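The lines below spell out each chain.
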Amino acid sequence: MNTKKILITPGDGIGPEVTEQAVQILKNIAPLFDIHLDLIEKPVGGIAFDLTGTPLPDETLETAKISDAVLLGAVGGPKWEPLEFSVRPERGLLKLRSELELFANLRPAAIYGDLVNASTLKAEVVDGADLMVVRELTGGIYFGNPRGVEERDGERVGFNTLVYSESEIRRIAKVGFETAMKRRKKLTSVDKANVLESTEFWREVVTDVGTDFPEVELSHMYVDNAAMQIIRDPKQFDTIVTTNMFGDIISDAAAMMTGSLGMLPSASIGGGVGMYEPVHGSAPDITGQDKANPLAMILSVGMMMRYSFNLTEADEMIQKAVINTLEKYRTVDIMAQGKTEIGCREMGEKVLQSLEENNS
Ligand code: NAD
């Protein structure tokens, strides 16, 4: 049997609730693929600050570095908002991503089964839509220097820097093309090349990397148009590759077509250890009420199987169990007429049941 060491970091708010359900799925699916699990739980985010005075304790980081993958719930909440910027829960998450050199964030936005009616967009617009946003995660304006707020000529000025080196663009472009190769072989690179020199350079480098992937049909789109097109006609997209900030915004816009944040998984890859987490935050408004939708977290386990362990079949099994469960059961965020409303724990149990039925 093949042992996989997985760091579990449930985090804050609904993080522990959805993580508990995802871990059940992980424990169930692993033996089917001859995987022996070595699960280690460590704190991150606000809870880690409360315990140790830092949102990313050294022990958590060191364990992450020697693991095969990391499964993270969510961090943050009103309790920690007054904290100084450098020790806020979100800084812990950013530091973990950067220390693990997770420069590529993969965010699928697809419609699962008859969830088409949960979308705020018209069913005929979203039915069958299935796109993947590949976002650069460790560079660009979120990390560029100089940055800050200072006094200039008698008034305060805030500034950030959008900077990308050629190697940073090459490596994310490569992930974009490789992802497109595993999908429908269409890649849209999103930039603002008409205004920003750094993204004109982005376009030039992405085009050059594309010569190594002749089978992939590459197109370029300005970010403002991309935002519009995703809402107007999401089915035109297969894989999108873009910068850190544009990807942050575009992936949330794409997410909306699926109806709920509670359905969106993500993978962060690039370094040796992949990290898997739902897109949503810690949802303080529903914490502790057994109302959270655990499906984004469960689907993140599927992405771990696919991207860290190369087990496409395991991911497909999890997706199938989720689709089957949605035929009858819904958490409140995706509730629809004719379905039975259940809580977080029961949703986890139903997916587990469906997974077991499919394999019996
Ligand atoms: P949020 O994603 O936590 O919640 C937004 C809304 O969506 C809320 O109404 C919430 O109840 C709902 N929601 C989210 N996940 C859900 C789920 N699984 N099931 C059902 N409903 C769900 O975003 P927010 O309110 O802007 O942020 C709350 C906290 O989370 C903040 O501290 C923020 O910094 C943090 N945050 C963390 C992450 C992360 O850990 N990756 C991401 C985003 C926000």
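Focus: the pattern of salt bridges
- Counting across every chain of the model gives 18 salt bridges.
- Among the salt bridges present, the one from E150 reaches R152, with a minimum N-O distance of 2.9 Å.
- When its relative accessible area of 38% is taken as the criterion, E150 is described as partly exposed.
- Its relative accessible area of 37% is what places R152 among the partly exposed residues.
- A salt bridge links D315 to R306, with the nearest nitrogen and oxygen atoms 2.6 Å apart.
- On the basis of relative accessibility, which here comes to 3%, the residue D315 falls in the buried class.

Examining the domain arrangement of the chain
- The domain boundaries assigned to the chain delineate domain 1 (1–103 + 270–360) and domain 2 (111–259).
- With centres defined by C-alpha atoms, the gap from domain 1 to domain 2 works out at 24 Å.
- Taken together, the contact between domain 1 and domain 2 spans 14 residues of the former and 13 residues of the latter.
- The contact between domain 1 and domain 2 buries some 1,300 Å² in all, and 69% of this surface belongs to carbon and sulfur atoms.
- Run the count over domain 1 and domain 2 and you get zero salt bridges.

Thoughts on the side chain of D238
- In this structure, D238 sits in the loop between α8 (223–232) and β10 (239–242).
- A relative accessible area of 1% places D238 in the buried class.
- For D238, the side chain forms a polar contact with the main-chain nitrogen of K186, separated by 3.1 Å.
- At 3.4 Å, the side chain of D238 forms a polar contact with the side chain of T239.
- Dropping the residues within four chain positions of it, D238 is found in contact with D130, L131, M132, A180, R183, R184, K185 and K186.

Considering the site of the ligand
- If you check the shell around the ligand, you find 21 residues, and the closest are E90, G281, A283, D285 and N293.
- A distance of 2.8 Å is found between an oxygen atom of the ligand and a backbone nitrogen or oxygen belonging to V75.
- When grouped by side-chain class, the residues that make up the shell around the ligand number 10 nonpolar, seven polar and four charged.

What about the layout of surface pockets?
- Volume-wise, the largest pocket comes out at about 680 Å³.
- What lines the largest pocket is a set of 29 residues, and nearest its centre among them are L106, M132, R306, Y307 and D315.
- At the level of secondary structure, the elements contributing two or more residues to the lining of the largest pocket comprise β4 (104–110), β5 (130–136), α6 (166–181), β11 (265–269), β12 (274–278), α10 (295–307) and α11 (312–326).
- It is α10 that contributes the most residues to the lining of the largest pocket, four residues altogether.
- Of the residues contributing to the lining of the largest pocket, the split by class is 13 nonpolar, nine polar and seven charged.
- Three or more residues apiece are contributed to the lining of the largest pocket by two domains, here domain 1 (1–103 + 270–360) and domain 2 (111–259).
- One number sums up the size of the second largest pocket: a volume of about 380 Å³.
- Contributing to the lining of the second largest pocket are 19 residues, with L93, R97, E277, V279 and H280 lying nearest its centre.
- Those elements that provide at least two residues to the lining of the second largest pocket are β3 (69–74), α4 (89–99), β4, α9 (244–256) and β12.
- With four residues, the single largest contributor to the lining of the second largest pocket is α4.

Reading guide: rules and limits
- Residues numbered from 1 in each chain as written.
- Predicted model: local features only at pLDDT ≥ 70, side-chain atom pairs only at ≥ 80, totals over all residues.
- Heavy atoms only, no water.
- Salt bridge = Lys/Arg side-chain N within 4 Å of Asp/Glu carboxyl O.
- Buried < 20%, exposed > 50% of the residue type's maximum accessible area, 1.4 Å probe, protein only.
- Domains from an automatic or database assignment.
- Contact = heavy atoms within 4.5 Å.
- Buried area = accessible area lost by both parts, 1.4 Å probe.
- Helix = DSSP H or I, 4+ residues; strand = E, 2+ residues; numbered from the N terminus.
- Polar contact = N/O pair within 3.5 Å; in protein donor to acceptor, adjacent residues only side chain to side chain.
- Near = heavy atom within 4 Å.
- Nonpolar A, V, L, I, M, F, W, Y, C, P; charged D, E, K, R; others polar.
- 1 Å grid on protein atoms, 1.4 Å probe; cavity = no way out; pocket = protein on both sides within 12 Å on 5 of 7 lines; lining within 4 Å.
- Points joined across faces, edges and corners; volume = space filled by probe spheres on them.

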